[in-house]
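Spelled out, the chains give:
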Amino acid sequence: MTAADPRPLTGEPVSLDLLNTRWVTDGEPQDLFAGAAGLTRVQGLAVWLESTGLAERFRADAATLVHLLTAREALARAVADPADESARALVDAVLEHGRIRATLTAGGPGERTEFDDPTWGPAWTAARDYLELLAGTPGRIRSCASETCVLHFHDTSRNGTRRWCSMAACGNRAKASRHYARTRER
């Protein structure tokens, strides 16, 4: 049985969910892959694989973790500065480890992913997901507007104006802070 996921934001697309394996709690940086919530690095990987639905296809082992950390850094740089050529090269380097093969299934055309080394599977999947987000709605890949939050999300709101990773957490703190500032002025 996999441990509970300690992260404050889950359920985002795989690429952003990978970025959200780092977060801040009470001003302290946390990392799911570096012992957050008392988990070992590989246990943190198992938690992440389970939460993203990848646990049935990929193993939680040291090699997979190393490749996933490579992908996380590449994606973090690419999201922070989409114009950064070196960041794009890092994402491309991760994508070099897998491919999509067209297939014909009983239901018609299909696709299957292939990896020379299956330990690259989760990293490649996250990088590929980022490409799909860029192809569909690049302007909706966002960082939380809170200065103390490092989380990312895909804005699926109707009008595309979501600012917070969570209205219950960062959004509520911002509203409370504004209210406090207004009442202090009076």
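Residues numbered from 1 in each chain as written. Predicted model: local features only at pLDDT ≥ 70, side-chain atom pairs only at ≥ 80, totals over all residues. Heavy atoms only, no water.

Participant: I would appreciate a short explanation of unusual backbone geometry in the present structure.
Facilitator: The phi angle of most residues is negative, glycine excepted, and most peptide bonds adopt the trans form. A positive phi is found at Asp26, a non-glycine position, where the angle reads about 50 degrees. You can see Asp26 is positioned in the loop between strand E1 (22–25) and strand E2 (28–31). Backbone geometry at Ala37 places phi at a positive 60 degrees, although glycine is not the residue there. Mapped onto the elements of the fold, Ala37 is located in the loop between E2 and helix H2 (41–52). Residue Ala37 is classed as exposed on the basis of its relative accessible area, which comes to 57%. (Helix = DSSP H or I, 4+ residues; strand = E, 2+ residues; numbered from the N terminus. Buried < 20%, exposed > 50% of the residue type's maximum accessible area, 1.4 Å probe, protein only.)

Participant: Whenever I open this one, the packing of aromatic side chains confuses me. Can you help?
Facilitator: A ring pair, where both rings are aromatic, is described by two values, the distance of the centres and the angle of the planes. Counted under the stated rule, the structure contains 3 aromatic pairs. A ring pair is formed by Phe58 and Phe115, whose centres lie 5.8 Å apart and whose planes are at 70 degrees; its orientation type is edge-to-face. One end of the pair, Phe58, is in the loop between H2 and helix H3 (62–80); the other, Phe115, is in strand E4 (residues 108–115), and 57 residues separate them in sequence. Judged on exposure class, the residue Phe58 and its partner Phe115 are both buried. (Phe/Tyr/Trp six-rings, centres within 6.5 Å; stacked < 30°, edge-to-face > 60°.)

Participant: Even after reading the chapter, I still don't get H3, so can you show me in this structure?
Facilitator: The α-helix advances 3.6 residues per turn, and as a result positions three or four apart in sequence lie on the same side. Taking 1.5 Å of rise per residue, the 19 residues of H3 would be expected to cover 27 Å, and the 27 Å separating its terminal C-alpha atoms lies within 8% of that figure. Turning to H3, its buried residues number three or more, namely Thr64, Leu65, His67, Leu68, Ala71, Arg72, Ala74, Leu75, Ala78 and Val79. (Expected span 1.5 Å × (residues − 1).)

Participant: Would you take a moment to explain the packing of H3 against helix H5 (residues 121–136) for this structure?
Facilitator: Think of two packed helices as two axes; the pair is described by the angle between the axes and how far apart they sit. Interhelical geometry of H3 versus H5 gives an angle of 20 degrees and a closest axis separation of 8 Å. Considering the angle they form, H3 stands roughly parallel to H5. In this structure, H3 uses Thr64, His67, Leu68, Ala71, Leu75, Ala78 and Val79 to contact H5, whose residues at the interface are Pro122, Ala123, Ala126, Ala127 and Tyr130. Here the residues of the contact of H3 with H5 are counted per class, giving 10 nonpolar, 2 polar and no charged. (Axes fitted to C-alpha atoms, helices over the stretch in contact; angles between N-to-C directions. Parallel < 35°, antiparallel > 145°, perpendicular 65-115°, else oblique. Contact = heavy atoms within 4.5 Å. Nonpolar A, V, L, I, M, F, W, Y, C, P; charged D, E, K, R; others polar.)

Read these as spatial facts, not as claims about activity.
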